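# What the coordinates show
Each chain, written out:
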Amino acid sequence: MKFLDKFCEALTSFMGLTTISPWTEPFHQQPIGGDLAVQTLPKGPVFSPPNSSEGFLCKYPSMVGWKHSTDPARRSSWLVNEVTGEVLDIFTDFDKKWPVGIKRTYNLTVSDLTINTDGYLKTGGKAFNGQYPGPWIEACWGDQLEIKVTNDLRYNGTTIHWHGARQLHSMPMDGVNGVTQCPIAPGDSFTYKFNVTQYGSSWYHSHYSLQYPDGLAGPMTFHGPSSANYEEALPPFLISDWSHNSAFTDFHKELAGPGRPTMQSIILNGVGTYTCSDTEKKNCTTPPPIFEQVWVKGRRYLMRLINTSTESTFIFSIDKHILQIIGSDFVPIRPYFADSVLVGIGQRYHIVVEARPSDELLPIDDQNYWIRTVVASGCGSINQNNETVGVVRYDPESTKTPTTTRYQFNTTCSDEPYESLVPVVQWQVGNHSNDIEADNFAAGLTNYTGTPLPHGNFSRWDLTNDPLWLNFSNPTISNLRNTTWNPEYCIIAEDYKETDWVYLIITANVSAAKQISSRKFFPVSHPIHLHGHDFAILSQQFIPFNESPLTNGLFNYDNPPRRDVALLPGTGYVAIAFRTDNPGVWLMHCHIAWHASSGLALQILERQPEILSTIGPLDETERVCATWDPWFNNTGNWWNATEFQDDSGI
């Protein structure tokens, strides 16, 4: 009987889920009941997720009694407990529970690299592991990631952000220099460790100044269930604008003029086309081949779209094909059909495309179709706006250039239709605990009134009374006992209970009654990204905000759209809400690189008294700072010996 008791105790333990606090806990999950009981138990599920990279397997060794439950006709399921019938699937609230996977380790080295995406050699490029885009980082829902980042750059520190990852109780791993850590100095390394509590697609990128537009970006997939069925999942599709200049050079033009920087081309998975002028010939070479895929008629393909742009919102489409949109950012949604999908900077969409073009009766060798990324009106500026970035073929022998034309869709810069983005897992948003009059932020440019402006006397974008400006050597994480803050850190304290809601109003078109003399306002759209949370979009309007929408029906509290990047309309506002269930310091910023570097950002200081007790020891954080300081204090390490920093830091 003692043996049976131990067996049952161990089985009960392994069948459970987890709501882990510190990130280290899953690495130390131990069976209950002793070695003998463990030896008698079967192993947990091991399987290959749909079309992962070669040799990649999902493994749940501690989840004894569970089995993998997905197949092409049942993609909504992931794991099922054969004893209790409990399931982990598309209807599971992953904010509350998730499986227990394995630890996965990756190594990334950041270095300078000349990059050829479109036939022009960009000499100011930077890359992960000598390639652009960076290596595909994969994990399974419930895994724990350990990613060692080594800095081999000559003149820059670096930090890496895992875009959209919740980082529950792992704020030091969010990868924002000046906020969650000091930069990793050249020659040093830092290992990021966090739980994969969500599933879907995203990207990782440098959050140090303007490094990601220069090439420090790569795809990231957390394998899990889907809200629609498909036969084959395709590798991630990274769509981006691309400049041949260093982003650091372009940003100075953004600040000082004359004019504004423009991108040179559009690229898909690091490949685009560009026609060099006579004066550019010395920097030009053979471009890489255009992106192509051969599809099988009737097959359903999952596509993972990720916009990694500097400044461009794109409209993605495939000529003669209809898209089924099934996920926005890390949030599964009720599927809907469209001929195109709007993808803002930092946003991601999962779509399913059935390989049945509308002209499928054509001869097979004529069935070649353009993949398009069209710049939304007013949300990007590209010199050679070649929207045809790839080809879908049905005949593997065909080399014909497609002659198809695009759908006549609306090119207005916006998000996908609000009413279309219906989350599968429902949220009911409660009343706000914060003062929404105080938490009403206006995106504008500082107004020069005769008194010199700080940091170079340039007008800069901001959300609060000051543009964000961070001290790399003194990150917010090192000051969590502060009671006062430097105004340029743009700290917004939200100290409420775990179940409380915070509403934030962000406006781009300030009403006449609320004009702010220190700022000028323009009808410019901004993709707003919040770290550490998915947020509910209560309202997203092209008209100025006033308090009446809170009660007149324009605010939606019943399962509103949910994601981590939402477009602030240039003539209106966006209202978002999140639960204060993740103590930490979380950056909120515009994801247009120029605007983030200008200062269009703030920091949410969430439940400050509880942060240090939930994030664990900061020994490694302190070591990285101790290595950074002497490197920074040696001006011989600077690119410009008279000025090290000319941007916000992010």
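This write-up is about the structure you can find in this document. Computed from a predicted model, the values in this text were never measured in an experiment.

### Details of helix H3 (residues 247-256)
- Residues of H3 that are buried: Ala247, Asp250, Phe251, Glu254 and Leu255. Mapping the buried residues of H3 onto a view down its axis gives an arc of 145°, with all of them on the same face.
- Packed against the buried residues of H3 are strand E31 (461-462) and helix H5 (593-598).
- Capping the start of H3 is the job of one residue whose side-chain oxygen sits 3.2 Å from the backbone nitrogen of Phe248: Ser246.
- Phi for Gly257, located one or two positions after H3, is positive at around 75°.

### Concerning helix H7 (residues 619-633)
- Taking 1.5 Å per residue, 15 residues should reach 21 Å; H7 reaches 22 Å between its end C-alpha atoms and fits that length.
- Three or more residues of H7 are buried, namely Thr621, Val624, Cys625, Trp628 and Trp631. Down the axis of H7, the sector holding all buried residues measures 130°, keeping them to one side. Turned more than 90 degrees from where H7 packs its buried face, Asp619, Glu622, Ala626 and Asn633 sit exposed.
- Considering only its buried residues, H7 is in contact with strand E13 (189-195).

### What about empty space enclosed by the protein?
- Summed over the entire model, instances satisfying the criterion amount to 5 cavities of 30 Å³ or more.
- Here the largest cavity is characterised by a volume of approximately 210 Å³.
- If you trace the largest cavity, you find 22 residues lining it, with Tyr199, Gly200, Pro225, Ser226 and His350 closest to the centre.
- Put simply, the parts of the chain that give the lining of the largest cavity at least two residues each are strand E14 (200-206), strand E15 (217-223), strand E21 (300-307), strand E23 (323-328) and strand E24 (331-338).
- Element by element, the count of residues in the lining of the largest cavity is highest for E15, at 3 residues.
- Considered class by class, the residues forming the lining of the largest cavity number 11 nonpolar, 9 polar and 2 charged.

Rules used in this analysis
Counting from 1, residues in each chain are numbered in the order their sequence is written. Selection of residues for local features in this predicted model requires a pLDDT of at least 70, selection of side-chain atom pairs for listing and counting requires 80 or more, and totals for whole chains, interfaces and linings are taken over all residues. Computation of side-chain values covers all heavy atoms of the structure but excludes hydrogens and water. Each residue's exposure class comes from its accessible area (1.4 Å probe, protein chains only) as a fraction of the maximum for that residue type: buried when under 20%, exposed when over 50%, partly exposed otherwise. In this text, helices come from DSSP runs of H or I with a minimum length of four residues, and strands from runs of E with a minimum of two, each type numbered from the N-terminal end. Picture the helix axis, draw a direction to every C-beta atom, and the arc is the one those directions span. Any pair of residues with heavy atoms lying within 4.5 Å of one another is described as a contacting pair. Two N or O atoms form a polar contact when they lie within 3.5 Å of each other; inside protein one atom must be a possible hydrogen donor and the other a possible acceptor, and for residues adjacent in sequence the pair counts only when both atoms belong to side chains. The span one expects for a helix is its residue count, reduced by one, times 1.5 Å. Cavities and pockets are defined on a 1 Å grid built over the protein atoms alone: a cavity is a set of grid points where a 1.4 Å probe fits but cannot escape, while a pocket is an open set with protein on both sides within 12 Å along at least five of seven lines, and lining residues are those with an atom within 4 Å of any such point. Grid points are joined across faces, edges and corners, and a volume is the space filled by probe spheres set on the points. Residues are grouped as follows: nonpolar covers Ala, Val, Leu, Ile, Met, Phe, Trp, Tyr, Cys and Pro; charged covers Asp, Glu, Lys and Arg; every other residue, Gly included, is treated as polar.

These values are about where atoms sit, not about what they do.
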